[in-house]
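A closer look at the structure
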Amino acid sequence: MAKILVIDDDQNISTMMRRGLTFEGYDVKTANNGRDGLLQILEGSPDLVILDVMMPGIDGLEVCRRIRKDSNIPILMVTARDSVSDRVEGLETGADDYLVKPFAFEELAARVKALLRRMDNGSSEDFIQFADLTLDLASRSATRKERQIELSTTEFNLLALFMQNPKRVLLRNLIMEKVWGYDFEGESNVLEVYIGYLRHKLEEQNESRLIHTVRGTGYVMKE
């Protein structure tokens, strides 16, 4: 039984999520502020965290940053802030997915299931190699030649998808589904933003480009 921690200061929403997810078969705990949530994570090691962004004291973005210093626990952010910049900020902080309030419980349950399935379906390989780039799946880190590359959770997942499918053109919708678990319905440029982040890090010392745009279609990893 997967363990889920809900961190949200809105008691009504927190109760709704706890009851619904318990009915779905999960072991659900709740915390009504960031500090209590961080303490519960240290004590209970949940399999997934559902995290509200706007909370008094330690807000959700800071909670996410602190979690990411030590853990790769899947994080689903929930918030009423729905602009593209807000979504990008949440994802860049280290969240794995982003759900805007108000939301249907069915959508929440689908996102939770997708995130947990993604963790269960990790590759049995320890390393993936393409050209002079190596991805360490155990430590979730990357190396180009001898240069260490620091990656956020989402950057790592995106790069892993490309490296597991070298020389194959990946459609935009497929990338969104595999990395974020759903499609942003064409409203967001978050994929383009993350491609830019990866290219900057992979080409920081004027190395050759590995992730190429296939105009009007998607992207491909090739030399």
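Residues numbered from 1 in each chain as written. Predicted model: local features only at pLDDT ≥ 70, side-chain atom pairs only at ≥ 80, totals over all residues. Heavy atoms only, no water.

Below, the discussion takes up the domain arrangement of the protein chain. One can read the domain layout of the protein chain as domain 1 (3-120) and domain 2 (127-221). Measuring from the centre of the C-alpha atoms in domain 1 to the corresponding centre in domain 2 gives 25 Å. With 14 residues of domain 1 at the contact, the number on the domain 2 side is 19 residues. Here domain 1 meets domain 2 over a buried area of about 1,400 Å², counting both sides, of which 47% is carbon and sulfur. Where domain 1 touches domain 2, the interface holds 0 salt bridges. Where domain 1 packs against domain 2, one counts 2 residue pairs in polar contact (both at pLDDT 80 or more). Elements represented by at least two residues in the side of domain 1 that touches domain 2 include exactly α4 (84-93), β5 (97-100) and α5 (105-120). Its residues assigned to classes, the side of domain 1 that touches domain 2 shows 5 nonpolar, 2 polar and 7 charged. (Domains from an automatic or database assignment. Contact = heavy atoms within 4.5 Å. Buried area = accessible area lost by both parts, 1.4 Å probe. Salt bridge = Lys/Arg side-chain N within 4 Å of Asp/Glu carboxyl O. Polar contact = N/O pair within 3.5 Å; in protein donor to acceptor, adjacent residues only side chain to side chain. Helix = DSSP H or I, 4+ residues; strand = E, 2+ residues; numbered from the N terminus. Nonpolar A, V, L, I, M, F, W, Y, C, P; charged D, E, K, R; others polar.)

Moving on: the sheet that holds strand β3 (residues 48-52). One open sheet holds the 5 strands; their spatial order is β2-β1-β3-β4-β5, and the pairing between them is parallel. Each edge of the open sheet is held by one strand with a lone partner, namely β2 (27-31) and β5. Put simply, the sheet's adjacent strands are angled 20° from each other on average, direction ignored. Across 4 bridges, strand β1 (residues 3-7) lies against β3 in parallel orientation. (Pairing = 2+ DSSP bridges. Axes fitted to C-alpha atoms, helices over the stretch in contact; angles between N-to-C directions.)

The contact between helix α6 (residues 153-164) and helix α7 (residues 172-180) brings their axes to 10 Å, and the two run at 130°. Considering the angle they form, α6 stands oblique to α7. In this structure, the crossing between α6 and α7 has a hand that is right-handed. Of the residues in α7, those in contact with T154, N157, L158, L161 and F162 of α6 are I175, K178, V179 and W180. Its residues assigned to classes, the contact of α6 with α7 comprises 6 nonpolar, 2 polar and 1 charged. (Parallel < 35°, antiparallel > 145°, perpendicular 65-115°, else oblique. Left-handed = near helix turned anticlockwise from the far one by under 90°.)

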